[in-house]
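Observations on the three-dimensional arrangement
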Protein chains: 2
Amino acid sequence: MAKPKKTPRPRAETPKGFRDYFGAEVAGRNAMLAQIAEVYHRYGFDALESSAVETVEALGKFLPDVDRPNAGVFAWQEADDEKWLALRYDLTAPLARVFAQHRNDLATPYRRYAMGPVWRNEKPGPGRFRQFYQCDADTVGTASMAADAEICAMLADCLEVVGIPRGDYVIRINNRKVLNGVLESMGLTDDAQRADVMRTIDKFDKVGEEGVRQLLGKGRLDASGAYIDGVGLAPEQADPVIAFLTSRAGDAATTLANLRTAVGDSATGAAGVDELQSIADLLTAQGYGPDRIVIDPSVVRGLGYYTGPVFEAELTFEITDEKGRPRQFGSVAGGGRYDDLVKRFTGQEVPATGISIGVDRLLAALRAKGRIGGTEAGPVLITVMDRDRMGDYQAMVAELRGAGIRAEVYLGNPKNFGNQLKYADKRDCPLAVIEGSDEKDRGVVIIKDLALGKKLAADIASNEEWKEQPAQVEIARNRLAEVVTRYIGETEKNLFEIAG
Amino acid sequence: MAKPKKTPRPRAETPKGFRDYFGAEVAGRNAMLAQIAEVYHRYGFDALESSAVETVEALGKFLPDVDRPNAGVFAWQEADDEKWLALRYDLTAPLARVFAQHRNDLATPYRRYAMGPVWRNEKPGPGRFRQFYQCDADTVGTASMAADAEICAMLADCLEVVGIPRGDYVIRINNRKVLNGVLESMGLTDDAQRADVMRTIDKFDKVGEEGVRQLLGKGRLDASGAYIDGVGLAPEQADPVIAFLTSRAGDAATTLANLRTAVGDSATGAAGVDELQSIADLLTAQGYGPDRIVIDPSVVRGLGYYTGPVFEAELTFEITDEKGRPRQFGSVAGGGRYDDLVKRFTGQEVPATGISIGVDRLLAALRAKGRIGGTEAGPVLITVMDRDRMGDYQAMVAELRGAGIRAEVYLGNPKNFGNQLKYADKRDCPLAVIEGSDEKDRGVVIIKDLALGKKLAADIASNEEWKEQPAQVEIARNRLAEVVTRYIGETEKNLFEIAG
């Protein structure tokens, strides 16, 4: 108690809002990224890996998420030239910088894909982290709607490749110009009022048609009992907005006809409808029908950020949330056309369009549906019965690894054999190999089927019975690699039959 | 000229010391990481992906690079609780934090691998960047030399798997305890003097035996003409150090015997030699001989950081540097045993050992030897002859992609056909597909062999000849996917034979 006080030990914890990923989680994400990269690559997109760090100047402030306009970045100042650097908050801003910097060397239109972590300096929440993965594909340098159509088709392919079957997802397409046309036809020219209307439209998902009507008019009493002031439009002025938001029909042709009505005589609006028409036609030509991709003017997320078509991929199945309630899984990818990112650097308008797949959300969806997950198969464990014969065990493990089998020698303190089996259990080892001095003398090894052992231990009541049915076989030492390889490779596993 | 001055445009450039990686570079690195991950996994190591950001407190200051003790981190302060956060500078410090944080859930010994970028806030140089990849494997929680031997065997496997054949690399093993034994047997107890001797030993690579003798004694005139003061030992005191550094013999047994002499009656030294003996025996048992892994006491890099065995993998072939001079490629991986990283957090000593592979250096080595590199194969390009028939071209590209072929429709302005071919050239497209209205009417498409076209253009002198030997064939439209698939799949490519 009279000891001198030392510097306190550092706390072993991730910073707030960050987390670690282990084993199967890492492998699962990497496998998904590789699957998506393969689709992107097949569509002609080239990989790009820009640095995680950018100058704040180059990064600008282009966060697409209108819900959190104050979302910040992690930034610091260089010691020598006092420049501010920051971690990238998405993969689009770096793409704009890369394209502006290397535009003379890049074949244009430039199709690129990028995948990696991005960082947001914002308040973390349940399931919301300050570092997460994005997985983007963009085409820079073409105004052709064929680029937008292609991106949507590619997104559908990606979802199916990672394990979301057709029918369990839908990709919805809307167009910012159509909405602009609606606002124009309403005679709204005041920017502030337009912004108010935009914000109201963003609430359509939550408050529905009647809610939007109230919010565009006098106002609305929300669920919490608070009264939200409205934009103050006349009731008939809300009609074009509602017509726009509810224009989706059973087929693209009718939806597009409804939209043409909604935009009235606005040239911008007509251009937007033409763009949607063009995308719909090109998708039909490629064989992507409304079972995969639909024109849906109720998609309003991100409309403020994008300048033309807007895409959103939604999973349509229900999952059970942490409180046991069923709910729609919702959005897993989004994107659209943006024409002003590169202009910041060069002064030239460069049209671009792209998508971002939320890989972590997609993994969560697959996990919720039980389509991926659980733990990885552990290694075959060579137990250590005699610590002086470590060389023998190393020779065994080298044989197994040479045969392509995941295997290891127990490297903890071998004294307590029970600890070795506990370790094997924790690692989910399928088999344990045992060679004591008696086995060594007789030129044999024992192979223990740990999965079967667990099952037997659960089934068998008495300890006596358990001893009589050990889930293990004895084989000649020189058959080790052969028997283990066959066991690991078989789907129906019967160690006894394999051992013969 | 009288225009009002605007805010200057942001500069499109990476921050100093950072760079972008394109196409084949990204794909090549990812392929290498996947190959190494497969070996690590087969050895029983589990993936870990910790966050890029750590608290400065957890990170501590454990930079292994003794040459640059002032090497810094990129750090910033949190707005709310004023905690300092930083980007990780290696993958070992985060491992220590992760192990301390999750030790009750992790099976121990914990074998983990990790791969990803790390960041160093230091002066960049040619080929030295402030963000680079590391690719580590460590075993935490065992003092057994079997863990060290296994790591060395695994490192050899990794090098061979990524394309460094046996004979082109060597893994050298040394031991810090042996050096401590040497210092002990010299009667050096003063910490400052020991540190001076350590620093001198670190220069052995550069100055050789005679240089080390001078620096341990009175001093030395270096190449630049400056006089470097020596440590001031008596000439005979340098003998054990030199004996240690030059103890490597033709076989491990003789090397170990030499080391036993060098450490005299130091118990620490004897323990170190025993450890090396044990590693050598275990490697022999696994079949890893001196053609792959050797005991080499001249490996001194990192001796100050590690507490027991130290490993270094060196490529033994010569490459030509940027000035055309031949030079040894040198080190591509290193590691060793360290026992105090986790103790910082928990107070308990947790033995650990591991390696870090310098993936970027390894890629550079393979590129220098011409074993990887060049550009990726570009996509098959569907050219656009008639912009109103974009749907037809999209249908073609969908067919090719459906057959697993990398393909795209030209999305730039199609007016100038020459631009489409220039684009194909820049992308390294193997084939171009052409369907004008004439072809459309006749139900055919033209396939142009762009590689052959280039070759012919180079071979054929006159323009006339060139026109008569266009490297293209006409096939029925419905044979498109079949012919392209066969062409891409064949090693001997003859489009004319395939088209039949």
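For the structure, check the block above.
Attention here is on the structure that accompanies the text. Note that the coordinates shown come from a computational prediction; the quantities given were computed from them, not determined experimentally.

What follows deals with the relation of the copies chain A and chain B. The transformation that overlays chain A on chain B combines an axial shift of 0.0 Å with a rotation of 180°, and the residual RMSD is 0.1 Å. Taken together, the rotation and translation describe the operation of a two-fold axis. Ranked by how close their C-alpha atoms come to the rotation axis, the residues of chain A are headed by Trp76(A), at 2.8 Å. A symmetric contact is evident, with 100% of the interface residues of chain A recurring at the interface of chain B.

Here we come to helix α8 (residues 238-245) of chain B. Among the residues of α8(B), Ala238(B), Pro240(B), Val241(B), Phe244(B) and Leu245(B) are the ones counted as buried. Each buried residue of α8(B) lies within a common arc of 165° when the element is viewed along its axis, so the set occupies one face.

Let us now look at the sheet that holds strand β16 (residues 407-409) of chain B. Residues and elements named next belong to chain B. Spatially, the 5 strands line up as an open sheet ordered β16-β15-β17-β18-β19, and their pairing is mixed. If you trace the sheet from one side to the other, it starts and ends with β16 and β19 (472-476), each paired once. Across this sheet, the average inter-strand angle for adjacent strands is 25°, counted without regard to direction. Relative to β16, strand β15 (residues 380-382) is paired through 3 bridges, and the arrangement is parallel. Note on β16: the bridge partner recorded for Ile382 is Val409. Packing against the sheet, helix α13 (residues 390-402) makes contact with β15, β16 and β17 (431-434), and its axis sits at approximately 170° to β16.

All right, on to the interface of chain A and chain B then. The interface is formed by 75 residues belonging to chain A together with 76 residues belonging to chain B. Counting residues per element, the side of chain A that touches chain B draws most heavily on helix α13 (residues 390-402) of chain A, at 6 residues. Class assignment of the residues belonging to the side of chain A that touches chain B gives a composition of 36 nonpolar, 20 polar and 19 charged. Alignment of strand β1 (residues 21-22) of chain A against strand β2 (residues 46-49) of chain B, held across 2 bridges, turns out to be antiparallel.

With that settled, the discussion passes to the environment of Arg292(B). Within the fold, Arg292(B) resides in the loop between α10 (267-285) and β11 (293-295). Setting aside residues no more than four positions away along its own chain, Arg292(B) makes contact with Ala156(B), Arg166(B) and Ile171(B).

Glancing now at the nonpolar core. Grouped together as the largest cluster of nonpolar side chains are 280 residues, with contacts concentrated most on Cys152(A), Leu155(A), Cys152(B) and Leu155(B). Residues lining this core come from more than one domain, with at least three contributed by each of domain 1 (23-368) and domain 2 (380-499) of chain B. If we ignore the near neighbours within four places in the chain, the residues touching Cys152(B) are Ile171(B), Ile173(B), Leu283(B), Ile293(B) and Phe311(B).

As a further point, take α10(B). All names here are of chain B. With 19 residues, α10 extends 27 Å between its outermost C-alpha atoms, agreeing within 8% with the 27 Å of an ideal straight helix rising 1.5 Å per residue. Within the sequence span of α10, burial applies to Gly269, Gly272, Val273, Glu275, Leu276, Ile279, Ala280, Leu282, Leu283 and Ala285. Just past α10, the residue Gly287 takes up positive phi, approximately 90°.

Here the focus is the packing of helix α9 (residues 252-263) of chain A against helix α10 (residues 267-285) of chain A. All names here are of chain A. Between α9 and α10, the least distance of the axes is 9 Å, while the angle of their chain directions is 170°. Relative to α10, α9 is oriented roughly antiparallel. Along the contact surface, α9 presents Ala252, Leu256, Leu259, Arg260 and Val263, while α10 presents Gly269, Ala270, Val273, Leu276, Gln277 and Ala280. Residues of the contact of α9 with α10, tallied by class, amount to 8 nonpolar, 2 polar and 1 charged.

Quick notes on the rules
- Residues numbered from 1 in each chain as written.
- Chains lettered and ligands numbered in written order.
- Predicted model: local features only at pLDDT ≥ 70, side-chain atom pairs only at ≥ 80, totals over all residues.
- Least-squares fit on C-alpha atoms with pLDDT ≥ 70 in both.
- Contact = placed C-beta atoms within 7 Å.
- Buried ≥ 20, exposed ≤ 12 C-beta atoms within 10 Å, placed from the backbone.
- Helix = DSSP H or I, 4+ residues; strand = E, 2+ residues; numbered from the N terminus.
- Arc of directions from axis to C-beta.
- Pairing = 2+ DSSP bridges.
- Axes fitted to C-alpha atoms, helices over the stretch in contact; angles between N-to-C directions.
- Nonpolar A, V, L, I, M, F, W, Y, C, P; charged D, E, K, R; others polar.
- Core = buried A, V, L, I, M, F, W, Y, C linked by C-beta atoms within 7 Å.
- Domains from an automatic or database assignment.
- Expected span 1.5 Å × (residues − 1).
- Parallel < 35°, antiparallel > 145°, perpendicular 65-115°, else oblique.

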